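Here is how the chains run, residue by residue.
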Amino acid sequence: RSEILLINASKWRGGDLVRQLAANRPNWRFRVIGGDGKPFPANVRVDPFFDGADFSSMYRNARVFLFPLGNEDPCGTGRVVFEALICRTPAISTDRGGMKEVLPPRWLAPDDNVDTWLELLDRTMSENVGDAEFERLMEPFDVETQLKCVSDAVGDLVRTKEMQPG
């Protein structure tokens, strides 16, 4: 696993970040799935958007997955972050939205400064993350836990409605 992966270069200026990272690390291999129509450095391979059932093939050669958020403050977490974790691929993202609920602090960038991302990438590329860590990260999001959350929320709504006068 040797590639640094970004999916959708058009979203949240991810393509611009990859261009800067690739220019600063010319010996590293980057892969972008879904380009933005602008040229990339020679060490970046651009593939079309993935259209298939087995998403794991996108992450097969990925050493790190990038999920920059630009200036956005999303209310949740992108599905691709969970895909990366399921495929045992560390995900680096911006410390916004739901990212701090999913990713460890060492994989979160406080800003979109390219030097910050280079530092995170350098550290994460040399890190050996074991299966136990990925399992720990995914544990709060397993099916049983999520079904219990939904069931509890529905139960609370029903009890509240039952307590309201007529």
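Here the structure is a predicted model, which means the values were calculated and not measured.

> Explain unusual backbone geometry to me, please; I cannot follow it from the model alone.
Residues apart from glycine generally show negative phi values, whereas peptide bonds are mostly found in trans. One non-glycine residue, N8, lies in positive phi territory at about 75 degrees. Note on placement: N8 falls in the loop between β1 (3-7) and α1 (14-24). Residue classification places N8 among the partly exposed residues on the basis of a relative accessible area of 21%. One non-glycine residue, R88, lies in the positive phi region at around 60 degrees. Within the element layout of this structure, R88 appears in the loop between α3 (79-86) and β5 (91-94). We classify R88 as partly exposed; its relative accessible area is 27%.

> When you look at the sheet that holds β5 in this model, what are you seeing that I'm missing?
With parallel pairing, the six strands of this open sheet are ordered in space as β3-β2-β1-β4-β5-β6. The sheet is open, and its two edges are formed by β3 (44-47) and β6 (108-109), each paired on a single side. Against the sheet, α1 engages β1, β2 (29-33), β3 and β4 (62-67), with an angle of about 165 degrees to β2. Lying on the sheet, α3 is in contact with β1, β4 and β5; it crosses β4 at an angle near 165 degrees.

> Looking at this structure, how should I read the packing of α3 against helix α6 (residues 131-138)?
Helix packing for two helices is described by the angle between their axes and how far apart those axes are. It is the contact of α3 with α6, at a shortest axis distance of 9 Å, that shows an interaxial angle of 145 degrees. As for how α3 packs across α6, the hand of that crossing is left-handed. Every residue of α6 that contacts α3 at F82, L85 and I86 is listed here: F134, L137 and M138. Along the lines of polarity and charge, the residues of the contact of α3 with α6 split into six nonpolar, no polar and no charged.

> Explain a nonpolar patch on the surface here, please?
Among the surface-exposed residues, V150, V154 and V158 lie close enough to one another that they form a single nonpolar patch of about 240 Å² accessible area. Position of V150 among the secondary structure elements: in helix α7 (residues 143-163). Assessed through its relative accessible area of 51%, V150 is described here as exposed.

Conventions adopted
Residues numbered from 1 in each chain as written. Predicted model: local features only at pLDDT ≥ 70, side-chain atom pairs only at ≥ 80, totals over all residues. Heavy atoms only, no water. Helix = DSSP H or I, 4+ residues; strand = E, 2+ residues; numbered from the N terminus. Buried < 20%, exposed > 50% of the residue type's maximum accessible area, 1.4 Å probe, protein only. Pairing = 2+ DSSP bridges. Contact = heavy atoms within 4.5 Å. Axes fitted to C-alpha atoms, helices over the stretch in contact; angles between N-to-C directions. Left-handed = near helix turned anticlockwise from the far one by under 90°. Nonpolar A, V, L, I, M, F, W, Y, C, P; charged D, E, K, R; others polar. Patch = residues over 30% accessible without salt bridge, like charges linked within 9 Å, V, L, I, M, F, W, Y side chains within 5 Å. Areas by Shrake-Rupley, 256 points an atom, 1.4 Å probe, with all protein chains shown as cover. Salt bridge = Lys/Arg side-chain N within 4 Å of Asp/Glu carboxyl O.

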